[in-house]
Amino acid sequence: MVAGTPDDPQAAAVRRLGQRVDVDRDGIERGLGGLVLTIIELLRQLMERQALRRIDEGDLTEEQIERVGATLMALEEQMTELREHFGLSPEDLNLDLGPLGPLLPRQ
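Residues numbered from 1 in each chain as written. Predicted model: local features only at pLDDT ≥ 70, side-chain atom pairs only at ≥ 80, totals over all residues. Heavy atoms only, no water.

Student: Can you walk me through helix α3 (residues 62–86) in this structure?
Tutor: Residues that lie three or four places apart on an α-helix share one face, since the helix turns once every 3.6 residues. Helix length check: α3, at 25 residues, gives a terminal C-alpha distance of 36 Å against a target of 36 Å (1.5 Å per residue), a fit within 8%. Just downstream of α3 lies Gly87, where phi reads positive at about 70°. (Helix = DSSP H or I, 4+ residues; strand = E, 2+ residues; numbered from the N terminus. Expected span 1.5 Å × (residues − 1).)

Student: Quick question: what am I supposed to make of the nonpolar core here?
Tutor: A general tendency of soluble globular proteins is for nonpolar side chains to be buried together. Formed by Leu37, Met79, Leu88, Leu93 and Leu104, the largest nonpolar core amounts to five residues. Setting aside residues no more than four positions away along its own chain, Leu88 makes contact with Arg30, Gly33, Gly34, Leu37, Arg83 and Leu93. (Core = buried A, V, L, I, M, F, W, Y, C linked by side-chain atoms within 4.5 Å. Buried < 20%, exposed > 50% of the residue type's maximum accessible area, 1.4 Å probe, protein only. Contact = heavy atoms within 4.5 Å.)

Student: Just checking my understanding: could you explain the pattern of salt bridges for this structure?
Tutor: Per the stated rule, a full pass over the model turns up five salt bridges. The partner of Arg30 in a salt bridge is Asp92, and the shortest N-O contact between them spans 3.6 Å. One end of the pair, Arg30, is in helix α2 (residues 25–56); the other, Asp92, is in the segment after α3, and 62 residues separate them in sequence. Accessibility expressed as a relative area gives 39% for Arg30, which makes it partly exposed. Asp92 sits in the partly exposed class, given a relative accessible area of 38%. One salt-bridge network, held together by shared partners, links Glu41, Arg44 and Glu48. (Salt bridge = Lys/Arg side-chain N within 4 Å of Asp/Glu carboxyl O.)

Here you go:
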């Protein structure tokens, strides 16, 4: 039996799988967009916590505090726009990690 011939069991399995899997381009785009946005949101929240810790410790000047605040606000606005583009809510980005609980803290 030669691979790729009609009698090839692998080729038959791939054909059956292709008939069962309904590939939805919009669903794939939304899912991938959601995954990327989840990672970005996690990093955004970590940066925000780090900035607040540094502010509390007095490590930043007033100018640095202003820049960090403006940057974090701009990033949050961009995240809102991207979530809307993909039709996602903030809760959609909070992956359930099973026994570990949600990925992101509830806000």
